[in-house]
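Examination of the molecular architecture
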Amino acid sequence: MPVNDAVLSDPSASPDHRPLDPPGAPPAADALKVVPVRRTGQWTAAAVVLLLLAMAVNSLVRNDAFQWGVVGEYFTTTAVLRGLGLTLWLTVLVTALGFVLGTLLAVLRMSSNKVLRSVSWGYIWLFRSMPVLVQLLFWFNIGALYPQLGIGIPFGPELLTVKTVNLLGPVTIAIIGLTLHEAAYAAEVVRGGLLSVEKGQLEAAQALGLGAWRRLRRIVLPQAMRAIVPPAGNMLIGTLKGTSIVSVIAVQDLLYSVQLVYHRTYQVIPLLLVATIWYVVVTSVLGVGQHYVERHYARGTAGAR
């Protein structure tokens, strides 16, 4: 047997005696050398970011002007916790009322009736155009326009009257102003979610003989919620932080509570840090809750994780 045939037929033959690859043939897979991509720019940027972060943490810890001892002293005081409770209560109530009214506005906006559609559009346009602070101040001074509110026969005698200043206190004004503002944005969020459901889904449900309520509950809402929950979660967090603006009308929320303390002690920075940390804690909890709600409504889709 020739030498070359013996080498080809015997895989265990010495590599030194194997025939060379023909010219122009690609190299064998075991002869390729894998060289990892050098991401020099990314690692440099990461090092710079870590350095800046370390400097920021060092400044927070070693700067005595932050007065972390004072922060710990007032963090769980009765006044601060009472203000935090009012902030959370306002957030939940305003969000719930805002989405109830916003859902109604969204349905009217999608109505085939031009009058209802125009009224809904006008409401959303007006309250999205006005800053929420202006709305709160307007409602706070509503007594200048309507000193008394009454119930009676239209264009006839009044059966019951009450002074506006006795009817609308600071907390009531905060609820009204924030709810009307929230509803304008919630209407667009709900409308966007409803429009995200394909028309063919409703046609298929109608073909199966499902009633309007069952179509809404079993077909429309589960699919619409995937588009509603992310912006609704952002609105909830925004409402939580936005409640701090009610301090301008003397509602004793979290911010107003710490303001009362530092107006007496003149420890402005540590008391503002107390409010900031509480806002961060509550916002983080809401963010975690939003993540699980989104995952619940994303089941069976590519967005599930």
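Quantities reported herein were computed from a predicted structural model and do not represent experimental measurements.

Moving on to the pattern of salt bridges. Under the criterion given, the structure shown has two salt bridges. Across the salt bridge formed by Arg109 and Glu188, the nearest N and O atoms sit 3.0 Å from each other. A residue pair is termed long-range when its members are at least 10 positions apart, and Arg109 in helix α4 (residues 78-109) and Glu188 in helix α8 (residues 170-195) qualify at 79 residues. Between Glu188 and Arg191 there is a salt bridge whose closest N-O contact spans 3.0 Å. With Glu188 and Arg191 both in helix α8, this residue pair falls three residues apart, about one helical turn. Three or more residues joined by partner-sharing salt bridges are found here, namely Arg109, Glu188 and Arg191.

Unlike most non-glycine residues, Gln67 shows phi in positive territory, near 55 degrees. You can call Gln67 partly exposed: its relative accessible area is 32%. With a phi close to 65 degrees, Tyr266 is a non-glycine residue in the positive phi region. Secondary-structure assignment places Tyr266 in the loop between α11 (254-265) and α12 (268-297).

Within the largest apolar cluster, 20 residues are counted, with the highest numbers of intra-cluster contacts made by Leu254, Val258, Leu271, Val274 and Trp278. Those elements that provide at least two residues to this core are α3 (68-74), α4, α11 and α12. The next biggest cluster of nonpolar side chains, apart from the first, holds 14 residues, and it includes Val132, Ile142, Leu168 and Val251.

Right, let's get into the packing of aromatic side chains. Enumeration over the complete set of coordinates arrives at five aromatic pairs. Where Phe75 meets Trp278, the ring centres are 4.5 Å apart and the plane angle is 5 degrees; that geometry is what we call stacked. Taken as a pair, Phe75 in the loop between α3 and α4 and Trp278 in helix α12 lie far apart in primary sequence, 203 residues in all. Summarising the burial analysis for this pair, Phe75 and Trp278 share the class buried. Measuring from centroid to centroid gives 4.5 Å for Tyr123 and Phe127, while their planes differ by 35 degrees, and the two rings are tilted. Highlighted residues: Tyr123 and Phe127, both in helix α5 (residues 114-129), separated by four residues, approximately one helical turn. Since its relative accessible area comes to 12%, Phe127 is described here as buried.

A surface patch of nonpolar side chains, amounting to about 590 Å² of accessible area, comprises Leu50, Leu53, Val57, Leu60, Val61 and Trp68. At five residues, the largest contribution of residues to the nonpolar patch is made by helix α2 (residues 40-62). Along the chain, the position of Val57 falls in helix α2. By relative accessible area, Val57 is classed as partly exposed at 43%.

For the rest of this paragraph, the subject is the packing of helix α9 (residues 199-207) against helix α10 (residues 212-242). Relative to each other, α9 and α10 sit at 160 degrees, their axes nearing to 11 Å. The pairing of α9 with α10 is recorded here as roughly antiparallel in orientation. At the point where α9 passes α10, the crossing takes the right-handed sense. When α9 is examined against α10, the residues Gln201, Leu202, Ala205 and Gln206 are found in contact with a partner set consisting of Arg215, Ile219, Val220 and Gln223. Residues belonging to the contact of α9 with α10 are distributed by class as follows: four nonpolar, three polar and one charged.

Calculation notes
- Residues numbered from 1 in each chain as written.
- Predicted model: local features only at pLDDT ≥ 70, side-chain atom pairs only at ≥ 80, totals over all residues.
- Heavy atoms only, no water.
- Salt bridge = Lys/Arg side-chain N within 4 Å of Asp/Glu carboxyl O.
- Helix = DSSP H or I, 4+ residues; strand = E, 2+ residues; numbered from the N terminus.
- Buried < 20%, exposed > 50% of the residue type's maximum accessible area, 1.4 Å probe, protein only.
- Core = buried A, V, L, I, M, F, W, Y, C linked by side-chain atoms within 4.5 Å.
- Phe/Tyr/Trp six-rings, centres within 6.5 Å; stacked < 30°, edge-to-face > 60°.
- Patch = residues over 30% accessible without salt bridge, like charges linked within 9 Å, V, L, I, M, F, W, Y side chains within 5 Å.
- Areas by Shrake-Rupley, 256 points an atom, 1.4 Å probe, with all protein chains shown as cover.
- Axes fitted to C-alpha atoms, helices over the stretch in contact; angles between N-to-C directions.
- Parallel < 35°, antiparallel > 145°, perpendicular 65-115°, else oblique.
- Left-handed = near helix turned anticlockwise from the far one by under 90°.
- Contact = heavy atoms within 4.5 Å.
- Nonpolar A, V, L, I, M, F, W, Y, C, P; charged D, E, K, R; others polar.

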